[in-house]
Amino acid sequence: MGEEEARESGRAPPELVREAEVSLLECKVCFERFGHRQQRRPRNLPCGHVVCLACVAALAHPRTLALECPFCRRACRACDTSDCLPVLHLLELLGSSLQPAAVPGAAACAPGALTCHHAFGGWGTLVNPTGLAQCPKTGRVVVVHDGKRRVKIFDSGGGCAHQFGEKGAAAHDVRYPLDVAVTDDCHVIVTDAGDRSIKVFDFFGQIKLVIGEQFSLPWGVGTTPQNDVVVTDAEAGALHLLEVDFPEGVLRRSERLQAQLCRPRKVAVSWLTGAIAVLEHPWAPGTAGDSTRVKVFSSAMQLIGQVDTFGLSLVFPSKITASAVAFDHQGNVIVADTSGPAILCLGKPEEFPVLKPLVTHGLSHPVALTFTKENSLLVLDSASHSVKVYKVDWG
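Throughout this document, residue positions are counted from 1 along each chain, in the order its sequence is written. Note on the predicted model: pLDDT of at least 70 is required for a residue's local features to be given, and 80 or more for side-chain atom pairs to be given and counted; whole-chain, interface and lining totals, by contrast, use all residues. Side-chain metrics in this entry use all non-hydrogen atoms of the structure; hydrogen atoms and water are not considered.

**A look at the sheet that holds strand E5 (residues 82-83)**
Piece 1. The antiparallel open sheet is built from 3 strands, whose spatial order is E2-E1-E5. What marks the edges here is a single partner per strand, and that holds for strand E2 (50-52) and E5.
Piece 2. Summarising the sheet, strand E1 (residues 42-44) and E2 pair through 3 bridges and their orientation is antiparallel. Paired with asparagine 44 across the strands is valine 50, a residue of E2. The pairing criterion is simple: DSSP has to find at least two bridges between the two strands. Only DSSP runs of H or I reaching four residues or more are called helices, and only runs of E reaching two or more are called strands; each is numbered from the N terminus.

Laid out in structure tokens, this is it:
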């Protein structure tokens, strides 16, 4: 629709709508769109910044109602906030023009599409989160972040059930967590860039094992169907397999599966086939600093598929920068894209790339993802400091 047609129909030009959505009509704390209903109403803080009412409630102390502006840190109270009338009037003015922009290849809210059913966490509960996993036995969600206690465990409703991993310099403390995995018997494995080690805790937070020295920079971590651990070493360009006696807290065996990888970070294992997907970040002369490449190996470590940023650009009209990788229950490779931002299905490794957008709206900076046993998709969005739960909507 052109500007003249837009004026005649009484609707705002598409360019104006897109600019308004990004700049004015989105809460910059939770990245949800403002609206007239109670939780999404835009509220003025005394400093002039605007956040939604739900974020005001989340930021405020439950008893004193004291809060700090998340942008300028000016102190105030929740009762000092007021409706932001200009934003409310702009919502009315744009009216039905505020529809999500269509992404090529995506059918928004079509039957069978993934839609966000709820989110949990948020600023204060999570601080700059980096890794996400789910406990196979309990279904609880484990996130590592930059809080005082680095490991946070959420129950099925999104409430904080437990947290541990003190920020500190002791061997059992967690300095700078990058990723997390949970074993079949509920042991939590954390890669710690602070002292370049791997730390194993039981589900209650008791330290069981610290594996150091042999890693230059351990980054991504995952578990195999045999309950072994796979770890990427981003500086050494390696992929390791660790066989651990978790109840005893003993490392039984360590094997280097790959030694010629290029800055590998996130890793995922298919519980259907045992295949291992590694996300590389090539950085060579003449190569974009944010280029990425997905390599998939069979359980016997044979390369069965790979695709990079350039290859994806040939089948998708916009730039893609992969930040995380996972397998769905059918063995398809799924990646989080921070350039979109979006969640994309690349198909099975031997078919690369068969690209299908799964989530194209409501994300800001996805950094981790995993599928639950119920086939829900959990996405960790570091910009909104939250976990978003996507389910198939059959209409």
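The rest of the description comes next.
**Observations concerning the pattern of salt bridges**
Piece 1. What makes a salt bridge here is a side-chain nitrogen of Lys or Arg within 4 Å of a carboxyl oxygen of Asp or Glu, nothing more. Within this structure, the stated rule accounts for 14 salt bridges.
Piece 2. Taking the shortest distance from any N to any O, the salt bridge between arginine 150 and aspartate 146 comes out at 2.6 Å.
Piece 3. Owing to a relative accessible area of 31%, aspartate 146 belongs among the partly exposed residues under this scheme.
Piece 4. A salt bridge links aspartate 245 to arginine 252; its shortest N-O distance comes to 2.9 Å.
Piece 5. Burial status follows relative accessibility: with a 1.4 Å probe on protein chains alone, a residue under 20% of its type maximum counts as buried, one over 50% as exposed, and anything between as partly exposed. Assessed through its relative accessible area of 52%, arginine 252 is described here as exposed.
Piece 6. Each of Arg41, Arg43 and Asp83 takes part in a single network of salt bridges with overlapping partners.

**Brief notes about the pairing of strand E12 (residues 188-192)**
Piece 1. With respect to burial, E12 is a largely interior element, 5 of its 5 residues being buried.
Piece 2. Residues Val188, Val190 and Asp192 point to one face of E12 and Ile189 and Thr191 to the other, with burial holding for every one of them.
Piece 3. As paired elements, strand E11 (residues 177-182) and E12 share 5 bridges and run antiparallel to each other. Paired with valine 182 across the strands is valine 188, a residue of E12.
Piece 4. Between the antiparallel neighbours E11 and E12 lie 5 residues, among them cysteine 186 with a positive phi of about 70°.
Piece 5. In the sheet, E12 pairs with strand E13 (residues 197-201) via 5 bridges, with the strands oriented antiparallel. If you follow aspartate 192 over to E13, its bridge partner there is serine 197.

**Quick look at the confidence of the model for the chain**
Piece 1. Averaged over all residues, the pLDDT of the chain equals 85, while 86% of them reach at least 70.
Piece 2. Every residue in residues 96-111 is under pLDDT 50, and counting partners more than four places away or in other chains gives 23 contacts. How sure the predictor is of each residue is captured by pLDDT, a score from 0 to 100. Any two residues whose heavy atoms approach within 4.5 Å are treated as being in contact.

**Comments concerning the side chain of asparagine 227**
Piece 1. Within the secondary structure, asparagine 227 sits in the loop between strand E15 (218-223) and strand E16 (229-233).
Piece 2. A distance of 3.0 Å separates the side chain of asparagine 227 from the backbone nitrogen of aspartate 184, its partner in a polar contact.
Piece 3. Among all residues touching asparagine 227, those that are not within four sequence positions of it are Thr183, Asp184, Asp185 and Phe246. Counted as a polar contact is a pair of N or O atoms within 3.5 Å, where, for protein atoms, one must be capable of donating a hydrogen and the other of accepting one, and residues adjacent in sequence contribute only when both atoms are in side chains.

**Quick look at the packing of aromatic side chains**
Piece 1. Each pair of aromatic rings taken from Phe, Tyr and Trp, with Trp reduced to its six-membered ring, is defined by centres within 6.5 Å and is described as stacked if the planes are under 30 degrees apart, edge-to-face if over 60, and tilted in the remaining cases. Using the criterion set out here, one finds 2 aromatic pairs in the structure.
Piece 2. Aromatic side chains phenylalanine 120 and phenylalanine 154 sit 5.0 Å apart centroid to centroid with 50° between the ring planes, which places their arrangement in the tilted category. One end of the pair, phenylalanine 120, is in strand E6 (residues 113-121); the other, phenylalanine 154, is in strand E9 (residues 149-154), and 34 residues separate them in sequence. With respect to class, phenylalanine 120 is no different from phenylalanine 154; both count as buried.
Piece 3. For the pair phenylalanine 164 and phenylalanine 201, a centre-to-centre distance of 5.2 Å together with 50° between the ring planes defines the contact as tilted. Of this pair, phenylalanine 164 sits in strand E10 (residues 160-166) while phenylalanine 201 is found in strand E13, placing the two residues 37 residues apart along the sequence.
Piece 4. We classify phenylalanine 164 as buried; its relative accessible area is 5%.

**Remarks on the side chain of serine 270**
Piece 1. By the secondary structure assignment, serine 270 is in the loop between strand E19 (264-269) and strand E20 (276-280).
Piece 2. For serine 270, a relative accessible area of 1% gives the class buried.
Piece 3. Only 3.2 Å separates the side chain of serine 270 from the backbone nitrogen of leucine 272, close enough to count as a polar contact.
Piece 4. If we skip the residues at most four places from it in the chain, serine 270 touches Pro225, Ala275, Phe327 and Gly331.

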